[in-house]
Amino acid sequence: MLNGKLNTHFNEEQQTVMSNLLSYVELKIEECQRKSETLFNTRVSNLSIEINNRMFRCFGKAFYEAEDMHYNYRIQISGKIFGNISDTKKLDNTIIHEFCHVLAKHKYNTFGHDHYWKSLMRDFGEVPKASTNHEECAASTNFDYKEHRNIVTRYIYKCDCRNFELSSKMHTSIQKGNGRRCSSCKTRLVYTNQFKKV
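Please read all numbers here as calculations on a predicted model, not as lab measurements.

So, the sheet that holds strand β5 (residues 153–158)
Thinking step 1. Taking strand neighbours across the sheet as the criterion, the three strands line up as β6-β5-β7 in an open arrangement whose pairing is antiparallel. Each edge of the open sheet carries a strand with a single partner, namely β6 (163–166) and β7 (190–197). Recorded for the sheet is a direction-independent mean angle of 30 degrees between the axes of neighbouring strands.
Thinking step 2. Across four bridges, β5 lies against β6 in antiparallel orientation. Its bridge partner lying in β6, K158 is registered against N163.
Thinking step 3. Along the sheet, helix α7 (residues 168–175) contacts β5, β6 and β7; its crossing angle with β5, the most-contacted strand, is approximately 50 degrees.

A look at unusual backbone geometry
Thinking step 1. The backbone phi angle of N46 is positive, close to 55 degrees, even though this residue is not glycine.
Thinking step 2. Along the chain, N46 turns up in the loop between α1 (12–40) and β2 (47–52).
Thinking step 3. Given the relative accessible area of 38%, N46 is considered partly exposed.
Thinking step 4. Of note, N193 is a non-glycine position whose phi angle comes to about 65 degrees, a positive value.
Thinking step 5. Considering the arrangement of structural elements, one finds N193 in strand β7.

Rules used throughout
Residues numbered from 1 in each chain as written. Predicted model: local features only at pLDDT ≥ 70, side-chain atom pairs only at ≥ 80, totals over all residues. Heavy atoms only, no water. Pairing = 2+ DSSP bridges. Helix = DSSP H or I, 4+ residues; strand = E, 2+ residues; numbered from the N terminus. Axes fitted to C-alpha atoms, helices over the stretch in contact; angles between N-to-C directions. Contact = heavy atoms within 4.5 Å. Buried < 20%, exposed > 50% of the residue type's maximum accessible area, 1.4 Å probe, protein only.

In structure tokens form, the structure reads like this:
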């Protein structure tokens, strides 16, 4: 039995879209379960599904957690990426991809993109490919990754010989009194009261 949920709050319109997405994912997972029963005479128990609207750097994720003498499995699908697409081919591939991770853990006690996972992907009729290029992933679903990526602030410091763009962590450290010096001219770095977003 599947336990599906939406793990963030949505407005009414989003709720409808995400509920439809969750229903679709649950249907596809049930198809995967039936195929697993046919091919391997096994069904993954303790499996839950989540639609995560905060996940935009990947299509989906699979998790497992040991509890007593069994594992609890969870598959998350990106509502941010898949919430508004009409082409379900990539979504179907993602669901099968994540289900094969769960099945590999359930059947072979292994996790990752190893030969067991690749073999299961082939058994399910998919090309065993893991995409780690987030922009490439996003491009295939018309999702603008650059628009939603984390914006980083760089703080401008200077010494006697040049300017430096420092991270927020380094900036905070210097502001707390942990001074830094230039490795070339050996003078103390001074904050210019300027920053930029990248």
